[in-house]
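# What the coordinates show
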Amino acid sequence: AAHKIRFRNVELPALRRDALVPGGADRLHRQLTRGKISARDRISLLLDPGSFVETDALASGRSANPGAAPAGDGVVAGRGTVGRRTVFVYSQDFTVFGGSLGEMHARKICKVMDAAMNVGAPIIGLNDSGGARIQEGVDSLGGYADVSF
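First, a word on scope: everything that follows refers to the structure included in this document. Within each chain, residue numbers correspond to sequence positions counted from 1 in written order. The predicted nature of this model means local features are confined to residues of pLDDT at least 70 and side-chain atom pairs, given and counted, to a pLDDT of 80 or more, with totals for whole chains, interfaces and linings taken over all residues. Only hydrogens and water are set aside; all other atoms, that is, all heavy atoms of the structure, feed into the side-chain values.

### Section: the overall build of the chain
The secondary structure listing takes helices from DSSP runs of H or I that are at least 4 residues long and strands from runs of E that are at least 2 residues long, numbered from the N terminus. The helix and strand tally for the chain stands at five helices and six strands. Counting from the amino terminus, helix and strand elements in the chain follow one another as β-β-α-α-α-β-β-β-α-β-α. Counting the 149 residues in the chain, one finds 39% classified as buried. Considering only residue pairs separated by 6 or more positions, the chain has 67% of its internal contacts joining residues 24 or more positions apart. For the area figures, the Shrake-Rupley method with a 1.4 Å probe applies, and any residue is considered shielded solely by the protein chains shown. Total accessible area computed for the chain in this model is approximately 9000 Å², and 55% of it derives from carbon and sulfur atoms. Categorising residues by exposure relies on relative accessible area from a 1.4 Å probe, with only protein chains included: less than 20% of the type maximum marks a residue as buried, more than 50% marks it as exposed, and the intermediate range marks it as partly exposed. Should any heavy atoms of two residues lie within 4.5 Å, those residues are considered in contact.

So, in structure tokens, the structure goes:
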């Protein structure tokens with residue numbers, strides 16, 4: 001019998017699939033009907049084709065309800081190239097908690113900012129956020145401090 005990799009009682013392929021549309025198909029459809037494009041599509045339009053390497057795609061934020069925190073925590077982050085030059089990028093996903101910044105969301109942004117600084121590459125932030133994630137309280141505000149520092 002084939003072995004299935006599980007994480008928090010969910011099969012890994014299902015997690016990866018859900019991470020591609022973390023806010024769900026309905027929220028993505030609403031974004032598209034408003035003339036907005038997804039966080040992933042913004043990155044795809046910006047970077048050279050096939051160059052994007054995502055960081056922490058399955059990371060999720062804190063939630064009082066296990067399984068309620070979507071993979072990626074509302075931000076797509078990683079590195080790629082523009083004109084064959086390395087850049088680091090993050091794109092906030094409004095379909096996940098209105099793009100609000102939570103603790104893990106901030107950590108992902110800080111991770112790519114640090115990586116960019118370490119190699120001397122530019123960082124590009126594509127913001128689409130409703131502000132701080134109030135459900136996470138002071139941890140969300142601390143995330144803003146970390147991103148801004």
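### Re helix α4 (residues 103–119)
Along an α-helix, a turn takes 3.6 residues, which lines up residues three or four apart on a common side. Every helix has an expected span of 1.5 Å times one less than the residues it contains. When the terminal C-alpha atoms of α4 are compared, their 25 Å separation across 17 residues agrees well with the 24 Å that a helix rising 1.5 Å per residue should span. When α4 is considered as a whole, its buried residues turn out to be E103, H105, A106, K108, I109, C110, V112 and A116. Positioned one or two residues after α4, G120 has a phi angle of 70°, which is positive.

### Thoughts on the packing of aromatic side chains
How two aromatic rings sit relative to each other is set out by the distance from centre to centre and by the angle between their planes. Pairing of aromatic rings covers Phe, Tyr and Trp, the last through its six-membered ring, and needs centres within 6.5 Å; plane angles under 30 degrees mean stacked, over 60 mean edge-to-face, and all others mean tilted. Tallied over the entire structure, the rule returns zero aromatic pairs. Here, a charge over a ring means that NZ of Lys or CZ of Arg falls within 6 Å of the ring centre while also lying within 35 degrees of the ring normal. Above the plane of the ring of F94 lies K36, whose end atom (NZ or CZ) is 4.4 Å from the centre.

### Considerations on the nonpolar core
Counting twelve residues, the largest nonpolar core consists of V75, A77, F88, Y90, L101, A106, I109, C110, V112, A116, A121 and V147. Going through the elements one at a time, β4 (75–82), β5 (85–92) and α4 are the ones with two or more residues in this core. Sorting elements by how many residues they give to this core places α4 first, with five residues. The next biggest cluster of nonpolar side chains, apart from the first, holds six residues, and it includes I43, V76, V87 and V89. What makes a nonpolar core is a set of buried Ala, Val, Leu, Ile, Met, Phe, Trp, Tyr and Cys residues whose side-chain atoms join them at distances within 4.5 Å.

### Overview of helix α3 (residues 39–46)
Of all the positions in α3, only A39, R40, R42 and I43 are classed as buried. An end-on view of α3 places all buried positions within 160° of arc, on one side of the element. Along α3, the residues that are exposed and aim more than 90 degrees away from the buried face are S44 and L45. Along its buried surface, α3 packs onto α1 (12–20), β3 (53–54), β4, β5 and β6 (123–126). This arc is taken over the directions from the axis of the helix to the C-beta atoms.

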